[in-house]
Amino acid sequence: MFCRECGKEISNEAVICVRCGVPTDVNQTDAVTRMLLPVGRSAYAIAAGYLGLVSVLLVPAPFAIIFGVLAIRDIKKNKNKHGIPRSIFGITLGALFTVFYSYLFLFSS
Ligand SMILES: [Zn+2]
């Protein structure tokens with residue numbers, strides 16, 4: 001979208017304009033709603049996010065990484081899709097718990 005004040009092109013999820021600081025039409029509530037009810041977000045990013053969240057159960061952890069990588073590739077190919085932060089979140093949590101549980105597994109026996 002474009003800033004209604006200065007016309008600079010800014011991220012659709014931006015809450016204020018990066019150039020002039022004027023609040024965009026997107027308010028905080030909308031941003032939160034979009035986080036919970038993803039609109040236009042890559043399905044892979046959603047999968048990565050949730051798998052990352054449940055990666056405490058170990059099994060989904062490697063899948064969170066795989067889906068996170070798929071999501072970023074998908075988003076880069078489709079400019080109308082977004083969800084990179086969520087993908088990175090999934091990859092990070094997935095990687096963290098994979099390492100953590102591998103460590104526990106190796107040293108517990
Ligand atoms: Zn502006």
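Residues numbered from 1 in each chain as written. Predicted model: local features only at pLDDT ≥ 70, side-chain atom pairs only at ≥ 80, totals over all residues. Heavy atoms only, no water.

1. Examining the overall build of the protein chain
Then, in step 1: Within the protein chain, the secondary structure is distributed over 4 helices and 0 strands.
Then, in step 2: Listing the helices and strands of the protein chain from first to last along the sequence gives α-α-α-α.
Then, in step 3: Looking at the protein chain as a whole, 28% of its 109 residues qualify as buried.
Then, in step 4: In the protein chain, the proportion of contacts linking residues at least 24 apart, taken out of those at least 6 apart, comes to 44%.
Then, in step 5: As presented, the protein chain carries roughly 7,300 Å² of accessible surface, and 68% of it is formed by carbon and sulfur atoms. (Helix = DSSP H or I, 4+ residues; strand = E, 2+ residues; numbered from the N terminus. Buried < 20%, exposed > 50% of the residue type's maximum accessible area, 1.4 Å probe, protein only. Contact = heavy atoms within 4.5 Å. Areas by Shrake-Rupley, 256 points an atom, 1.4 Å probe, with all protein chains shown as cover.)

2. Quick look at the coordination of the zinc ion
Then, in step 1: Distances from the zinc ion to its protein donors, C3 (SG), C6 (SG), C17 (SG) and C20 (SG), fall within 2.2 to 2.3 Å.
Then, in step 2: Look at C3 and you get buried, because its relative accessible area is 8%.
Then, in step 3: In this structure C20 comes out as partly exposed when scored by relative accessible area, which is 35%. (Donors = N, O, S within 2.8 Å, 3.2 Å for Na, K, Ca; no water.)

3. Quick word on helix α4 (residues 84-108)
Along an α-helix, a turn takes 3.6 residues, which lines up residues three or four apart on a common side.
Then, in step 1: Counted at 1.5 Å a residue, the expected span for α4 with its 25 residues is 36 Å, and the 36 Å between its end C-alpha atoms agrees.
Then, in step 2: Among all positions in α4, only R86, S87, G90, L93, G94 and F97 are buried. (Expected span 1.5 Å × (residues − 1).)

4. Considering a nonpolar patch on the surface
Then, in step 1: On the surface, Y44, F63, I66 and L70 cluster together to form a nonpolar patch covering roughly 350 Å² of accessible area.
Then, in step 2: No other element matches helix α3 (residues 60-77), which puts 3 residues into the nonpolar patch.
Then, in step 3: Along the chain, the position of Y44 falls in helix α2 (residues 43-53). (Patch = residues over 30% accessible without salt bridge, like charges linked within 9 Å, V, L, I, M, F, W, Y side chains within 5 Å. Salt bridge = Lys/Arg side-chain N within 4 Å of Asp/Glu carboxyl O.)

5. Some remarks on the environment of Y50
Then, in step 1: One can find Y50 in helix α2.
Then, in step 2: Exposure remark for Y50: the relative accessible area of 43% places this residue in the partly exposed category.
Then, in step 3: On a C-alpha basis, the gap between Y50 and G90 in space is 7.2 Å, while along the polypeptide they are 40 residues apart.

6. A few points about the environment of I16
Then, in step 1: Here I16 lies in the segment before α1 (28-36).
Then, in step 2: Excluding its chain neighbours within four sequence positions, the residues that come into contact with I16 are G21, V22, P23 and T24.

7. A closer look at the packing of aromatic side chains
Then, in step 1: All chains considered together, the criterion is met by 1 aromatic pair.
Then, in step 2: Seen in terms of ring centroids, F97 and F100 are 6.5 Å apart; in terms of plane orientation they differ by 85 degrees. Their pairing is edge-to-face. You can see F97 and its partner F100 sitting in helix α4, 3 residues apart, about one turn around the helix.
Then, in step 3: For F100, a relative accessible area of 41% corresponds to the partly exposed category. (Phe/Tyr/Trp six-rings, centres within 6.5 Å; stacked < 30°, edge-to-face > 60°.)

8. Some details on the side chain of D74
Then, in step 1: On the secondary structure map, D74 appears in helix α3.
Then, in step 2: Exposure remark for D74: the relative accessible area of 12% places this residue in the buried category.

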